[in-house]
Amino acid sequence: MSRLWYDSYMNSSAVGAGRLSASGTARAWIEALPAGTWFRSAAVPGERHVVRNVLSRLMAVERPIIGRVAPSVYWRQPPPRHPRYGKAPILTHSADSVLAPPGSGYAGRNALHRIGWCRQMPYRTTIAIPYRNLTPPPSPSGPPVLFVERHNRRRRELNWNEATLLEAALSSGPADYRGWDHAMSYFDWANGWMKQGAPIRKDAFLWAADAENPQTKWPAGEGYNSFDSVIGRLAADLPDIVKAP
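Residues numbered from 1 in each chain as written. Predicted model: local features only at pLDDT ≥ 70, side-chain atom pairs only at ≥ 80, totals over all residues. Heavy atoms only, no water.

## Concerning the side chain of Ser171
Part 1 of the reasoning: By secondary structure assignment, the location of Ser171 is in the loop between α6 (160–170) and α7 (180–189).
Part 2 of the reasoning: Given the relative accessible area of 14%, Ser171 is considered buried.
Part 3 of the reasoning: There is a polar contact of 2.8 Å between the side chain of Ser171 and the backbone oxygen of Glu167.
Part 4 of the reasoning: The contacts of Ser171, once residues within four sequence positions are left out, are Gly108 and Leu112. (Helix = DSSP H or I, 4+ residues; strand = E, 2+ residues; numbered from the N terminus. Buried < 20%, exposed > 50% of the residue type's maximum accessible area, 1.4 Å probe, protein only. Polar contact = N/O pair within 3.5 Å; in protein donor to acceptor, adjacent residues only side chain to side chain. Contact = heavy atoms within 4.5 Å.)

## Thoughts on the sheet that holds strand β5 (residues 126–129)
Part 1 of the reasoning: Reading across the sheet, the three strands line up as β4-β5-β6 and stay open at both edges, with mixed pairing between neighbours. Of all the strands in the sheet, the pair left with one neighbour each is β4 (105–106) and β6 (146–149).
Part 2 of the reasoning: As paired elements, β5 and β6 share four bridges and run parallel to each other. Across the sheet, residue Ala128 finds its bridge partner in β6, namely Val148. (Pairing = 2+ DSSP bridges.)

## Quick notes on α6
Part 1 of the reasoning: Burial runs high along α6: 11 of the 11 residues are buried.
Part 2 of the reasoning: Its side-chain oxygen at 3.0 Å from the backbone nitrogen of Asn161, Asn159 defines the N-terminal cap of α6.

## So, the confidence of the model for the protein chain
Part 1 of the reasoning: Averaged over every residue, the pLDDT of the protein chain is 75; the share at 70 or more is 71%.
Part 2 of the reasoning: At the low end of the mean pLDDT range in the protein chain sits helix α1 (residues 3–16), at 41; at the high end sits helix α8 (residues 202–209), at 93.
Part 3 of the reasoning: Every residue in residues 1–18 scores below 50 in pLDDT, and together they form seven contacts with partners more than four places removed in sequence or on other chains.
Part 4 of the reasoning: Counting contacts from residues 82–88, a segment whose pLDDT is below 50, to residues more than four positions away or on other chains yields six contacts. (pLDDT = per-residue confidence, 0-100.)

## Remarks on the packing of α6 against α8
Part 1 of the reasoning: With their axes 10 Å apart at the nearest point, α6 and α8 run at an angle of 45 degrees to one another. By the criterion of interaxial angle, the relationship of α6 to α8 is oblique. By crossing handedness, the relation of α6 to α8 is classed as right-handed. Across the interface between the two elements, Glu162, Leu165 and Leu166 of α6 pack against Ala204, Phe205, Ala208 and Ala209 of α8.
Part 2 of the reasoning: Among the residues forming the contact of α6 with α8, the class breakdown is six nonpolar, no polar and one charged. (Axes fitted to C-alpha atoms, helices over the stretch in contact; angles between N-to-C directions. Parallel < 35°, antiparallel > 145°, perpendicular 65-115°, else oblique. Left-handed = near helix turned anticlockwise from the far one by under 90°. Nonpolar A, V, L, I, M, F, W, Y, C, P; charged D, E, K, R; others polar.)

Put into structure tokens, the structure is as follows:
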């Protein structure tokens, strides 16, 4: 009896009995992802060596259902390539969020642009991470992603959306001459920047903001657009403005 046949038999038997093997569980998790979803190999359930084998097998078939953009970073079904040149896609915000460790979010001008408080699109994607000495994986095309260190350990408890909003508040607030209500309407309208399944939790957001020191690290706006002022207005408006994805 060949090992390959035996493995196939055991897997099919487990499924028939209402159970999945370890590799079957990992494969089922990947197959259930919506098309275009980016994910890390560490997110796939199962032991690491099993997950590695499943990922390798899925990419080795004639028509793979996943692709890899960097070590340990994959997508469910490859995004479309240019029909003539075959260039790999530029990272989108859905991919950026899996390139960085927990507690990370868009930094500075990137954060302002993503949430609708700035119309100038930065040339290079910058991600704020609450860790030291981490190097981002390479981008498939375009300028590489840049990691910038933030030393507030409380950020590690934030999700991607919360960290991005905190960065926006630290980056001089909404520079909108039409006022706060207009800025918040853009924030709510442009909520496509929000990573799905990561609603902004008011308590966690304010707890992390309380440990920031914008005076020494970030040149936050003055007066009405100061960090304290922006955080205060966000604290008042979060329950009504921020909606869970």
